[in-house]
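One-letter residues, chain by chain:
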Amino acid sequence: QVQLVESGGGLVQAGGSLRLSCTASGIIFSINAAGWYRQAPGKSRELVAMFSSGGSRSYADSVKGRATISRDNAKNTVYLQMNSLKPEDTAVYYCIASRSGRNYWGRGTQVTVSS
């Protein structure tokens, strides 16, 4: 079965950095779309970054210039590097992979940015 496991979240002060990791089993990131969403309390889940199977990257305007999505195909792991973090980046970050019209989600990792 497909399983996505996120890690790397935590507490960081404004201006700091974090790198989130998502390791998958049952699905291959390199030939499927993958990305990161986030959801803050009381807010809708929003797309942060996306990594297509062809290597194309896209980002939400709110994180453009501060976020970088990357992957290690040998480890079947997708990363999200977040720099210059702001309090409004505080959210649960979810890894997503898509295959054949179906989405698979991780359970999320909490990112808290203090002011």
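Please refer to the structure placed before this passage.
What you see is a predicted model; the values in this text were computed from it and never measured. (Residues numbered from 1 in each chain as written. Predicted model: local features only at pLDDT ≥ 70, side-chain atom pairs only at ≥ 80, totals over all residues. Heavy atoms only, no water.)

Participant: Please clarify how the overall build of the chain should be interpreted in this entry.
Facilitator: Broken down by element type, the chain carries zero helices and 11 strands. Reading the chain from its N terminus to its C terminus gives the helix and strand order β-β-β-β-β-β-β-β-β-β-β. Over its C-alpha trace the chain gives a radius of gyration of 13 Å, about what one expects of a compact globule, namely 13 Å for 115 residues. Projected onto its principal axes, the C-alpha coordinates of the chain cover approximately 40 × 25 × 25 Å. Put simply, the chain has 115 residues, and 38% of those count as buried. In the chain, the proportion of contacts linking residues at least 24 apart, taken out of those at least 6 apart, comes to 53%. Put simply, the chain shows about 6100 Å² of open surface, and 45% of that area lies on carbon and sulfur atoms. (Helix = DSSP H or I, 4+ residues; strand = E, 2+ residues; numbered from the N terminus. Rg over C-alpha atoms; globule rule 2.2 N^0.38 Å. Buried < 20%, exposed > 50% of the residue type's maximum accessible area, 1.4 Å probe, protein only. Contact = heavy atoms within 4.5 Å. Areas by Shrake-Rupley, 256 points an atom, 1.4 Å probe, with all protein chains shown as cover.)

Participant: Help me understand the pattern of salt bridges in this model?
Facilitator: Note on pairing: side chains with opposite charge can pair once their charged atoms come close. With the rule as written, the count across this model stands at four salt bridges. Put simply, D89 and R38 hold a salt bridge, and the shortest N to O gap is 2.9 Å. Of this pair, D89 sits in the loop between β8 (77-82) and β9 (91-99) while R38 sits in strand β4 (residues 33-39), placing them 51 residues apart in sequence. With a shortest N-O distance of 2.8 Å, R66 and D89 are connected by a salt bridge. (Salt bridge = Lys/Arg side-chain N within 4 Å of Asp/Glu carboxyl O.)

Participant: Would you mind going over the nonpolar core with me for this structure?
Facilitator: A general tendency of soluble globular proteins is for nonpolar side chains to be buried together. With 29 residues, the main nonpolar core has L4, F29, W36, L80 and Y93 as its most contacted residues. For this core, the secondary-structure elements that each account for two or more residues are β3 (18-25), β4, β5 (46-51), β7 (67-72), β8, β9 and β11 (109-114). If we skip the residues at most four places from it in the chain, L80 touches L18, R19, L20, W36, V48, A49, A67, T68, I69 and Y93. (Core = buried A, V, L, I, M, F, W, Y, C linked by side-chain atoms within 4.5 Å.)

Participant: I keep staring at the sheet that holds β8 and nothing clicks. Help me out?
Facilitator: Strand pairing in a sheet relies on backbone hydrogen bonds, with the paired strands running either antiparallel or parallel. Judged by pairing direction, the sheet is antiparallel, and its four strands sit side by side in the order β1-β3-β8-β7 without closing on themselves. If you trace the sheet from one side to the other, it starts and ends with β1 (3-7) and β7, each paired once. Taken pair by pair, the neighbouring strands of this sheet meet at an average axis angle of 20 degrees, ignoring direction. (Pairing = 2+ DSSP bridges. Axes fitted to C-alpha atoms, helices over the stretch in contact; angles between N-to-C directions.)

Interpretation in functional terms is not warranted from these geometric data alone.
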